[in-house]
Structure formats: structure tokens, C-alpha cells
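# An overview of the molecular structure
The residues making up each chain are set out below.
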Amino acid sequence: MTMRLAVAISGRGSNLEALLRALDATAPAQIALVLSDREAPGLALARERKIPAEMLSIATDARAWLSLLERYRIDLVVLAGYLKLVPREVIAAYRGRILNIHPALLPAFGGQGMYGRRVHEAVLASGVHETGATVHLVDEAYDHGATLAQARVPVLPGDTPELLAQRVLEVEHQLLPAVVLAAARAGRPVVLDSRLATRDHPAHQGRAH
């Protein structure tokens, strides 16, 4: 049975696009719904692909969330750059079936307000030599649920937030589809050996591990 996905976004949808590339007609999962808390550019991408795209007028409205997820018979919710907390009632109804991708190696550089450029600025300010991306299960707190997979990216001399963000995003675009496909094959989210998803990626080059 094909796993039906809802992908939640807040921006241009680059991780949504990566998922679309990975989920061809033979894949065990398909994107059945794209939703957002705003009129995000990624909604237009979904509409171009003839995928239902819905905007939540109130992101905290659990009934609106659940109505959409039930209407489109969603099995797994993927937060792909979605910046708001998912309502508690939705977490309860889909416990263990909501994933998020975060642009750092959680639990470091996570939590409320830590998204986008802010994450990469904090990484550079800290002086660490390594960052990356994390896919985790979603619970009631920001960036808190159990980790399913991580991909590591070196912090290089001369890095700016923009340069670092670009390299992290490259591994996000591999890691998230790999976790989603593994979940579809298993019928539920599973812990993934991240090395299988990101081996030999150029973002890993430049520093010994």
C-alpha cells in the first residue's frame, strides 16, 4: 500500500521539491497534500504538480489540521521547513507519524526561534567544527522528539551563514527523502543509518572526520 504524505511548509519548498524528485511513480509513498500557515511559494509548486495545496488561516486551529489530514487520508505528516508548532491535538492523533527536518545536529542549536539563518549564525558563533541536519519525530516541544537520522557537515574556515546554509541544505535534500522512503517501506518511521543516505556527498568533503 502506498503511504500518503502531507508536507507542511512555510517558505519556498526546496525540501518539498527534493521529496517530489525522490518520489516517482514507483515509490512506496506519494505526496497527497501540501499545507502551509501562509501563502508560501511552495504552495504554487504543489499546484503546478496538481497536488492539493491548502493554507491554514489559523495555524493553531487543530480542527482545521485534522479535517485536512482526514479528508486526504494522510498516513504520515512531514514538516519540511514548517516553522510553527503543530497543535497538541494533532500531535496526539498522529503520534509517531509526524517528522521534522532541522538544519543542525539536534539537540544542539534547536528550540523555539532557532530556524533558518539564526541556526547557522549560532553554529558559527559557537566555534564548533561540525554541524548538519536532523530528521526527528515531532512532539509537543520545538525540535525535541526522537532522532531518526542525522547527516554531518563540516564547518569550514571562512564560512558565512549563507555558505554553511547551502551545504546543510544539500544534505537535507538527501536525508529527508531517505527517511521518508524508509518509513514508507517499513510502514512507520524508523531509525535510519544516515551514512546510507549521504555517503560521498560533496558537502562532507573538506574536513577529516
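Residues numbered from 1 in each chain as written. Predicted model: local features only at pLDDT ≥ 70, side-chain atom pairs only at ≥ 80, totals over all residues. Heavy atoms only, no water.

## Side note on the overall build of the protein
Scanning the protein for helices and strands turns up 7 helices and 7 strands. For the protein, the N- to C-terminal ordering of α and β elements is β-α-β-α-β-α-β-α-β-α-β-β-α-α. Referenced to the eigenvectors of the C-alpha coordinate spread, the extents of the protein come out at roughly 50 × 35 × 30 Å. Taking all 209 residues of the protein together, the buried fraction comes to 52%. Summarising the internal contacts of the protein: among those between residues at least 6 apart in sequence, 66% fall at separations of at least 24. Within the protein, the 21 negative side-chain charges are centred at a point lying 3 Å from the centre of the 23 positive side-chain charges. (Helix = DSSP H or I, 4+ residues; strand = E, 2+ residues; numbered from the N terminus. Buried < 20%, exposed > 50% of the residue type's maximum accessible area, 1.4 Å probe, protein only. Contact = heavy atoms within 4.5 Å. Lys, Arg positive; Asp, Glu negative; His and termini not counted. Charge placed at Lys NZ, Arg CZ, Asp CG, Glu CD.)

## Description of the layout of surface pockets
Quantified by volume, the largest pocket comes out at close to 840 Å³. If you go around the largest pocket, you meet 39 residues; those closest to its centre are Gly81, Leu83, Pro103, Tyr115 and Gly116. Those elements giving two or more residues to the lining of the largest pocket turn out to be helix H1 (14–22), strand S5 (98–102), helix H5 (117–126) and helix H6 (161–186). With 7 residues, H6 is the single largest residue contributor to the lining of the largest pocket. (1 Å grid on protein atoms, 1.4 Å probe; cavity = no way out; pocket = protein on both sides within 12 Å on 5 of 7 lines; lining within 4 Å. Points joined across faces, edges and corners; volume = space filled by probe spheres on them.)

## Thoughts on the nonpolar core
In terms of nonpolar packing, the biggest core is built from 47 residues, with Leu5, Val7, Ile9, Leu16, Ile31, Val34 and Leu176 touching the most fellow members. A total of 12 residues in this core trace back to one element, the largest contributor, which is H6. Leave out the neighbours within four places in its chain, and isoleucine 9 touches Leu16, Val34, Leu35, Ser36, Asp37, Ala40, Gly42, Leu43, Ala80, Gly81 and Tyr82. The next biggest cluster of nonpolar side chains, apart from the first, holds 23 residues, and it includes Ala8, Ala59, Leu69 and Val77. (Core = buried A, V, L, I, M, F, W, Y, C linked by side-chain atoms within 4.5 Å.)

## Some points on the side chain of histidine 120
Here histidine 120 lies in helix H5. Not counting residues up to four positions away in its chain, the partners in contact with histidine 120 are Pro103, Pro161, Leu164, Ala165 and Val168.

## Concerning H1
All buried positions along H1 are accounted for by Ser14, Asn15, Leu16, Ala18, Leu19 and Leu20. Looking at the packing, one finds that the buried side of H1 touches strand S1 (3–9), strand S2 (29–36), helix H2 (41–48), strand S4 (76–79), S5 and H6.

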